Amino acid sequence: MPNPPIKTLSPGELAKLEHAFATDPSSNAYRPLAEAYLSVGRFMEAMVVSKKGVKAHPNIAEPRLLLARVYQQQGKDRKALEETLGAIQVAPTDKVALRIAAELQLKLGELEAGRANLLKAYQLDSQDTETLAMMGQWKVEPPRAAPPVLAPVQTTARVPARAAAEASAPGLPPPAPPGPRRSPPAPAQRGSNGASGVEEPSRRERVGSERQGRSVLEEESTSDRLRPAPRPPSMRRTVAIVLLLAIPFAGGSYFLWGRWKAQRNREIKKNLATAAEQLRHDSYESYKRASIAADKVLELDPGSTAAHGYLAYAYVVRWGEHGGGDEARKLAEEHLEAGKRGGEVSSHLYAADALYQHYSGKDSQGLHDLEQRIRSFDAENRKSSLMYLTLALIQMNSGDLEHARESLETAQALAPDDARIYAALGTLNRRRGQDNEAAKSFDFALRYEKDHPEALLGKALLILQQDRPEYTIAAKVIRKLIESDPPPSPRQLATAHLVRSLLISRVSSEMPEYKPESQRQLAEITGVPVDRTRAQSEAQKAEETGFALDRTNPELHVIKGRRLLFEQKTDAALAEMRVAIKMDPTRAHFYVELARALMQKPGGEKDAQEALVNALKIVRDSPKLLVMLGNAYRRQGKLDDALAQYSRALNDPKARNPEARLAMGSIYRERKEYPKAAQALEKSAQEFIGQPGKLAAVYSELGRVYEEKGDRAKADEVFQKALAADEEYSPAYYHYARFLSSDARQASKAKTTAQEYLKRDPRGEFATEAQRMAQ
């Protein structure tokens, strides 16, 4: 499928396209945005946007052909063909769709269908150069003109006169159908005159009558021997009366039973559909409603594998994710056992079994069984989005973030409107440090399922881990969770209270930077008291409420640790992280949080290194963990060890890892290996497309490379790129001001740029030097 050349867009241009699409998803804005994503290899986003285009424009071929391109560029020719054939259904005379379908069919070995579609495209436009080129490539000859056809001579079949006369004779019955073939009769004797004897027919009739008489006598003789003695007339009348009474009764009973059975089947079908729909909503209340509906099915059909599968899945999620306690765990066990006895196929049953083993601490067994079932489903062309989602959740909780990403992308492709999948993608991207991608995923989840609890929590946590949080949005999200009716699960509600504690702490710490009027506005919007003592008291109260609701969730200790880190209480924060690890030592991201906290402590790099090595024992070769381990070595001055870890993080050619390339570029710059530095940073910039803050960091580092090489013109150009990528990325202003200050002719511009840095980060890393340049 030939791809039109697409100009690589700047982050600003891409943001405009994203805004246009978000403003009106039903417009044609899907096309340029999908093509932009496609040009930089962001296949998942391109696929989502293209599918939106198909949904908004179901009666035109263009969005389906665009989606087919997305699939083909990923090597998914069969999926590409499905979409192209869908385009032909809505536009049968679209020569481009026919040509693309032909190309894919010929490539997949469907030669007859491929040639047929290629010839259709040729017939629509016999001068089309691409069609002619493809016909030459596949040696498909154009159709030749057919020779003239002579009119056939009309002949009338002769009907034998006797047969016609018999057929037209009135009153004669139609001829009997042919019976089994018999031997021909012996020739009849003729009289002296040569004609048939007139006595012969009567003789045959007489012989036949005698034979018939003997047969009847033999039959009667035989039946007399077998026939029971005749009943008296009165008994025959009684039997007849009983039969006459019984027949209507039996018929009525059969009718009533059939009617009851049909009603029962309708109820089973209705409640199974209700249970499935409620499970898709993925909320505490919807899982309860799904359980009620599935229980109704079991009242009618106690052996229903589908109902047991739904119940097992609902109770496992309520136990493992919502803090449902031992009762939910026990019910999950019961329905798992009952469902397995049924012996029928159920993706919900298999997903429940894997999650049950995961939450019971048996990850390896759960993963092995689930992967085996997924392979079996895939081999039968019955891919299950639920099973891929479940696999991703287990991989993510185990710290295997790269494989979790692959599983989630597969699940998302199979179910592009599933809020639970998007919420999981948001959590995954947040843990991988891809904040922009995480925000988009959470927004997609909330688009498909309004007020989705996990998406709201994820969004609030994502906002509050930023350097410049949008407190208004975070406060609104948390309030919605805490005040929602019906309420979220106890675990989700507990997490919301801990997130509120984090919000209060962060807002309170920044209050002194605002003017009194701004302080009052911020307090009114967020609900955080202006008075620092009252704010601390409310934060403590929110935290206590959360732990009272759920004492078994180690994630709460991690959130508390983050709050303590923002308050510069590093030792207390480290203690909370270690409590979380003690409660569940199998979650790799807990070690990641511990390592981050240790890296903020002077001299904590060695302990951070140890924590990350432990995490890599759980999740081998995780690119994210390897980058963090490289950072720990770098902080200790072990640059060779750091480069080795960054290189390991880039071993998978399919995985993008711009963080590793950025770190390698910085080390090469420090070592004055400028060609290597520029190469690593330029690749990093390509992979960071769509992430303005990260892109600004890469361009700032690349500007320093050109500055140190002595190429001031190139350095100036790249520093300005950094400022354009993200106007709020403060280090870019400092590095550009420092660069300008070395040229006396640029002193005024250097001063203005330094002031811009101080405006954005008055207490930042470079504040002292920036104040000197700003004077």
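What you are looking at is a predicted structure, and each value in this text was computed from that prediction instead of being measured.

Cut-offs used in this document
- Residues numbered from 1 in each chain as written.
- Predicted model: local features only at pLDDT ≥ 70, side-chain atom pairs only at ≥ 80, totals over all residues.
- Heavy atoms only, no water.
- Helix = DSSP H or I, 4+ residues; strand = E, 2+ residues; numbered from the N terminus.
- Buried < 20%, exposed > 50% of the residue type's maximum accessible area, 1.4 Å probe, protein only.
- Contact = heavy atoms within 4.5 Å.
- Areas by Shrake-Rupley, 256 points an atom, 1.4 Å probe, with all protein chains shown as cover.
- Core = buried A, V, L, I, M, F, W, Y, C linked by side-chain atoms within 4.5 Å.
- Salt bridge = Lys/Arg side-chain N within 4 Å of Asp/Glu carboxyl O.
- Polar contact = N/O pair within 3.5 Å; in protein donor to acceptor, adjacent residues only side chain to side chain.
- Phe/Tyr/Trp six-rings, centres within 6.5 Å; stacked < 30°, edge-to-face > 60°.
- Axes fitted to C-alpha atoms, helices over the stretch in contact; angles between N-to-C directions.
- Parallel < 35°, antiparallel > 145°, perpendicular 65-115°, else oblique.
- Left-handed = near helix turned anticlockwise from the far one by under 90°.
- Expected span 1.5 Å × (residues − 1).
- 1 Å grid on protein atoms, 1.4 Å probe; cavity = no way out; pocket = protein on both sides within 12 Å on 5 of 7 lines; lining within 4 Å.
- Points joined across faces, edges and corners; volume = space filled by probe spheres on them.
- Nonpolar A, V, L, I, M, F, W, Y, C, P; charged D, E, K, R; others polar.
- pLDDT = per-residue confidence, 0-100.

Remarks on the overall build of the chain
Then comes step 1: Helix and strand content of the chain: 38 helices and zero strands.
Then comes step 2: By the burial criterion, 46% of the 775 residues in the chain qualify as buried.
Then comes step 3: Within the chain, contacts between residues at least 6 apart in sequence are counted, and of these 54% link residues at least 24 apart.
Then comes step 4: Roughly 42300 Å² of accessible area belongs to the chain as shown, and the carbon and sulfur atoms make up 52% of that amount.

A look at the nonpolar core
Then comes step 1: Core analysis: the biggest nonpolar cluster contains 93 residues, and Tyr313, Leu408, Val499 and Leu503 have the highest contact counts within it.
Then comes step 2: If you tally residues by element for this core, the top one is helix α13 (residues 305-320), at ten residues.
Then comes step 3: Setting aside residues no more than four positions away along its own chain, valine 499 makes contact with Leu457, Ala460, Leu461, Leu464, Ile478 and Ile559.
Then comes step 4: Listed in part, the 74 residues of the second largest apolar core include Ala660, Tyr699, Ala715 and Met773.

What to know about the environment of arginine 520
Then comes step 1: Following the sequence through the fold, arginine 520 ends up in helix α24 (residues 516-526).
Then comes step 2: For the pair arginine 520 and valine 530, spaced ten residues apart in the sequence, the C-alpha separation amounts to 7.0 Å.

Observations concerning the pattern of salt bridges
Then comes step 1: Considering all chains together, one arrives at 52 salt bridges under this definition.
Then comes step 2: Note that glutamate 728 and arginine 760 form a salt bridge whose closest N and O atoms lie 4.0 Å from each other. On the criterion of sequence distance, the pair formed by glutamate 728 in the loop between α35 (712-725) and α36 (730-741) and arginine 760 in helix α37 (residues 747-760) is long-range, its members being 32 residues apart.
Then comes step 3: Assessed through its relative accessible area of 23%, arginine 760 is described here as partly exposed.
Then comes step 4: Through salt bridges with shared partners, a single ionic network connects Glu543, Lys560, Arg563, Glu567, Lys569 and Glu576.

Topic: the side chain of histidine 57
Then comes step 1: Structurally, the position occupied by histidine 57 is in the loop between α3 (43-56) and α4 (62-73).
Then comes step 2: You can call histidine 57 buried: its relative accessible area is 16%.
Then comes step 3: Within the structure, histidine 57 has its side chain in polar contact with the backbone oxygen of serine 27 (distance 3.2 Å).
Then comes step 4: Not counting residues up to four positions away in its chain, the partners in contact with histidine 57 are Ser26, Ser27, Asn28, Tyr30 and Pro63.

A closer look at unusual backbone geometry
Then comes step 1: Put simply, aspartate 485 and proline 486 share a cis peptide bond, and its omega is 5°.
Then comes step 2: Inspection of the secondary structure assignment puts proline 486 in the loop between α22 (471-483) and α23 (490-510).
Then comes step 3: The residue lysine 139 is not glycine, and still its phi comes out positive at about 55°.
Then comes step 4: The class for lysine 139 is exposed, based on a relative accessible area of 69%.

Considerations on the packing of aromatic side chains
Then comes step 1: Evaluated as defined, the whole model comprises eleven aromatic pairs.
Then comes step 2: On the basis of an interplanar angle of 25° and a centroid distance of 5.2 Å, the ring pair of tyrosine 422 and phenylalanine 444 is categorised as stacked. Of this pair, tyrosine 422 sits in helix α19 (residues 419-432) while phenylalanine 444 sits in helix α20 (residues 435-448), placing them 22 residues apart in sequence.
Then comes step 3: With a relative accessible area of 1%, tyrosine 422 lands in the buried category.
Then comes step 4: In this structure phenylalanine 444 comes out as buried when scored by relative accessible area, which is 17%.
Then comes step 5: With centroids separated by 4.3 Å and ring planes inclined at 0°, the aromatic side chains of tyrosine 734 and phenylalanine 766 adopt a geometry described as stacked.

Structural notes on the packing of helix α34 (residues 692-709) against α35
Then comes step 1: It is at 8 Å that the axes of α34 and α35 come closest, and there the two elements cross at 165°. In terms of their interaxial angle, α34 and α35 are classed as roughly antiparallel. The two elements α34 and α35 meet at a crossing, and its hand is left-handed. For the pair formed by α34 and α35, the contact residues are Pro692, Leu695, Ala696, Tyr699, Ser700, Leu702, Gly703, Arg704, Tyr706 and Glu707 on the first element and Lys714, Ala715, Val718, Phe719, Lys721, Ala722 and Ala725 on the second.

A short note on helix α30 (residues 623-635)
Then comes step 1: Counted at 1.5 Å a residue, the expected span for α30 with its 13 residues is 18 Å, and the 18 Å between its end C-alpha atoms agrees.
Then comes step 2: Counting buried positions along α30 gives ten out of 13 residues, so the element sits mostly inside the fold.
Then comes step 3: Of the residues making up α30, those classed as buried are Pro623, Lys624, Leu625, Leu626, Val627, Met628, Leu629, Gly630, Ala632 and Tyr633.
Then comes step 4: Residues of α30 that are buried in the fold lie against α18 (401-414), α19, α28 (588-599), α29 (605-618), α31 (639-649) and α32 (658-670).
Then comes step 5: Where α30 ends, the next residue or the one after it, glycine 637, has phi of about 85°, a positive value.

Some thoughts on empty space enclosed by the protein
Then comes step 1: Counted by the stated rule, this structure contains four cavities of 30 Å³ or more.
Then comes step 2: Here the largest cavity defines a volume of roughly 820 Å³.
Then comes step 3: Around the largest cavity, the lining is made up of 38 residues, and of these Asn397, Thr427, Arg431, Glu454 and Glu555 lie nearest the centre.
Then comes step 4: Mapped onto the lining of the largest cavity, the elements with two or more residues apiece are α17 (385-397), α19, α21 (453-464), α23, α26 (554-566), α28 and α30.
Then comes step 5: The leading source of residues in the lining of the largest cavity is α19, at six residues.
Then comes step 6: Within the lining of the largest cavity, the residues separate by chemical class into 13 nonpolar, twelve polar and 13 charged.

Digging into α34
Then comes step 1: Given a rise of 1.5 Å per residue, 18 residues ought to cover 26 Å, and the 26 Å separating the end C-alpha atoms of α34 matches this to within 8%.
Then comes step 2: All buried positions along α34 are accounted for by Leu695, Ala696, Ala697, Val698, Tyr699, Ser700, Glu701, Leu702, Gly703, Val705, Tyr706 and Glu707.
Then comes step 3: Of the residues one or two after α34, glycine 710 is the one with positive phi, at around 95°.

Some remarks on the packing of α19 against α20
Then comes step 1: Here α19 crosses α20 at 165°, and the two axes come no closer than 7 Å. With respect to α20, the axis of α19 lies roughly antiparallel. The element α19 and its partner α20 pack so that their crossing is left-handed. Here α19 contributes Ala419, Tyr422, Ala423, Leu425, Gly426, Thr427, Asn429 and Arg430 to the contact with α20, which in turn contributes Asp435, Glu437, Ala438, Ser441, Phe442, Phe444, Ala445 and Tyr448.

Some points on the side chain of histidine 557
Then comes step 1: Structurally, the position occupied by histidine 557 is in helix α26.
Then comes step 2: On the basis of relative accessible area, histidine 557 is assigned to the buried category, the value being 14%.
Then comes step 3: Setting aside chain neighbours within four positions, we find histidine 557 in contact with Phe547, Glu576, Val579, Ala580 and Met583.

Concerning the environment of alanine 722
Then comes step 1: With respect to the helices and strands, the residue alanine 722 is situated in helix α35.
Then comes step 2: With relative accessibility at 0%, the residue alanine 722 sits in the buried group.
Then comes step 3: Taking the C-alpha atoms as reference points, alanine 722 and tyrosine 733, separated by eleven residues in sequence, lie 8.7 Å from one another.
Then comes step 4: Look past the residues within four positions of alanine 722 in its chain and what remains in contact with it is Ala696, Tyr699, Ser700 and Ala732.

A short note on the confidence of the model for the chain
Then comes step 1: The predicted model of the chain averages 82 in pLDDT, with 83% of residues at 70 or higher.
Then comes step 2: Per-element averaging of pLDDT across the chain places helix α9 (residues 161-168) at the bottom with 39 and α13 at the top with 95.

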